[in-house]
Amino acid sequence: MSRGREINILQIGMVCTVLLGVLLVLSFVALGVGSAGYSPSQIVQALLYDESGPVRVVVYNLRLPRLIMAIEVGACLAVAGALLQAVMRNPLADPGIIGVSAGAATAATTILLLYPTLVSSVPLFAFGGAALSCVLIYLLAWRDGIDTVRIILSGVAINTVLGAYNSFLQLLNSDNLSSVLSFMNGSLSGRSWDHVYIITAYASIGLVLAICCIKNANILQLGDEMARSLGVDVASVRIFLSAVAAFLAAATVAEAGMIGFVGLVVPHIARMMVGSDYKALLPVSMLLGAVILLAADTLGRTLIPGMEIPVGIVMAVTGGPFFLYMLRKKGKVSGS
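These lines cover the structure that appears in this document, whether it is placed above or below. (Residues numbered from 1 in each chain as written. Predicted model: local features only at pLDDT ≥ 70, side-chain atom pairs only at ≥ 80, totals over all residues. Heavy atoms only, no water.)

**Notes on helix H8 (residues 193-212)**
No. 1: Here H8 spans 28 Å end to end across 20 residues, near enough to the 28 Å set by a 1.5 Å rise per residue.
No. 2: Regarding H8, the residues found buried are Trp 193, Val 196, Ile 199, Ala 203, Gly 206, Leu 207 and Ala 210. All buried residues of H8 lie within an arc of 145 degrees about the axis, which places them on one face of the element. Every exposed residue of H8 that faces more than 90 degrees away from the buried side is listed here: Asp 194, Tyr 197 and Cys 212.
No. 3: The inward-facing, buried residues of H8 abut helix H3 (54-88), helix H9 (214-220), helix H11 (234-256) and helix H13 (278-302). (Helix = DSSP H or I, 4+ residues; strand = E, 2+ residues; numbered from the N terminus. Expected span 1.5 Å × (residues − 1). Buried < 20%, exposed > 50% of the residue type's maximum accessible area, 1.4 Å probe, protein only. Arc of directions from axis to C-beta. Contact = heavy atoms within 4.5 Å.)

**Quick word on the side chain of Gln 170**
No. 1: Tracing the backbone shows Gln 170 in helix H6 (residues 148-172).
No. 2: Its relative accessible area of 15% is what places Gln 170 among the buried residues.

**Quick look at the layout of surface pockets**
No. 1: Of the voids in this model, the largest pocket is the one considered here, and its volume is about 380 Å³.
No. 2: In terms of lining residues, the largest pocket is bounded by 18 residues, among which Ser 35, Arg 63, Arg 66, Arg 301 and Glu 308 are the most central.
No. 3: Of all the secondary structure elements, the ones that give two or more residues to the lining of the largest pocket are H3 and H13.
No. 4: Estimates place the volume of the second largest pocket at around 280 Å³.
No. 5: As for the second largest pocket, its lining consists of 15 residues, and the residues nearest its centre are Leu 112, Arg 191, His 195, Ala 254 and Glu 255.
No. 6: Contributing elements (two or more residues each) for the lining of the second largest pocket: helix H5 (122-141), helix H7 (178-185), H8 and H11.
No. 7: Taken together, the residues that form the lining of the second largest pocket break down as eight nonpolar, five polar and two charged. (1 Å grid on protein atoms, 1.4 Å probe; cavity = no way out; pocket = protein on both sides within 12 Å on 5 of 7 lines; lining within 4 Å. Points joined across faces, edges and corners; volume = space filled by probe spheres on them. Nonpolar A, V, L, I, M, F, W, Y, C, P; charged D, E, K, R; others polar.)

**Comments concerning unusual backbone geometry**
No. 1: Phi is positive for Phe 261, close to 75 degrees, though the residue is something other than glycine.
No. 2: Owing to a relative accessible area of 23%, Phe 261 belongs among the partly exposed residues under this scheme.

**As for the side chain of Arg 63**
No. 1: Within the element layout of this structure, Arg 63 appears in helix H3.
No. 2: Although Arg 63 lies buried, it forms no salt bridge, and the closest oppositely charged side chain, Glu 308, sits 9.7 Å away as judged by the N-O distance.
No. 3: Among the polar contacts listed, one links the side chain of Arg 63 to the backbone oxygen of Gly 32, at a separation of 3.4 Å.
No. 4: Only 2.7 Å separates the side chain of Arg 63 from the backbone oxygen of Ala 36, close enough to count as a polar contact.
No. 5: Apart from residues no more than four positions distant in its own chain, Arg 63 is found in contact with Ala 30, Leu 31, Gly 32, Val 33, Gly 34, Ser 35, Ala 36, Tyr 38, Val 58 and Arg 301. (Lys, Arg positive; Asp, Glu negative; His and termini not counted. Salt bridge = Lys/Arg side-chain N within 4 Å of Asp/Glu carboxyl O. Polar contact = N/O pair within 3.5 Å; in protein donor to acceptor, adjacent residues only side chain to side chain.)

**Description of the pattern of salt bridges**
No. 1: For the coordinates displayed, the defined rule picks out three salt bridges.
No. 2: One salt bridge connects Asp 297 with Arg 66, and the closest N-O pair in it is separated by 2.9 Å. Taken together, the residues span a long stretch of sequence, with Asp 297 in helix H13 and Arg 66 in helix H3 at a distance of 231 residues.
No. 3: Under the relative-accessibility criterion, Asp 297 is labelled buried at 2%.
No. 4: Looking at Arg 66, the relative accessible area reads 10%, which means it is buried.
No. 5: Through salt bridges with shared partners, a single ionic network connects Arg 66, Asp 297 and Glu 308.

**Some words on helix H12 (residues 262-274)**
No. 1: Its 13 residues give H12 an end-to-end C-alpha distance of 18 Å, which sits within 8% of 18 Å, the value for a rise of 1.5 Å per residue.
No. 2: Within H12, ten of the 13 residues are buried, which leaves the element mostly enclosed by the surrounding structure.
No. 3: Taken residue by residue, H12 has Val 262, Gly 263, Leu 264, Val 265, Val 266, Pro 267, His 268, Ala 270, Arg 271 and Val 274 as its buried positions.
No. 4: Downstream of H12 by one or two residues, Gly 275 has phi in the positive range, about 90 degrees.

Now the structure itself:
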């Protein structure tokens, strides 16, 4: 093994170790802060030994499910963004920006407002909406093949149209918007163990599929001509990676609502840490996405005493300026 290879593995291992350490510390902070504060020893006591005390009720039944949700949602959104950036070969691609999340949100909003008896099927409809959005984007972008610029422009157009539909639907049902407003702002408030079981099932499937996409994601970065010379069906690979990203985005939208910028910001930061090889980029993105969303959710529920700021708003406030920074940095809008 070469010295360069050893350094690369050591660097990746160190990054992952640091992120795991930060995630552990953040987890104790998230479990300990709130209207009632608890020390790490109280948290451990409540989780491992106390079966019925008031600390366990708060930590185990209220805060722990929310913590796990934040970790899994952050990981899924980050990986979805990383896959879409490989598909588009553009660091500005993101499930929220190109219309995938909007498709999932449109289906979910329609069910919540028009067919509330089907609320248990929201994850299924959300994935259907995200998949349909992907299909429409590819159909609009197809002209003697698929061009990544046309995919992004088609996605922006779909995002705009679906956003208008969602606004119109909310206008028609203005007297029944309490659940939808929380959904559109992206919130982890009130999440229970039932939500954790659902998102864990979807996340397990989606993240395993994403790991299986690592080789193809790396090949797409070489360019279409090089990929074809290696015997890869570029169009099929793009469609499969997009489907996996849509599945991950739909799962998070169905359970946590619209949370933007995670899929945009996290892969970019991970790329600066470990480079563009998806063997390192994908696992680092998973961990970093979990860290950032958990930090954002903890900040949102503790920043103003007695008031909770939805995590979607926190990410929009912090992710928006970062997006502008990416647009201006050396004029890069595509490629590596």
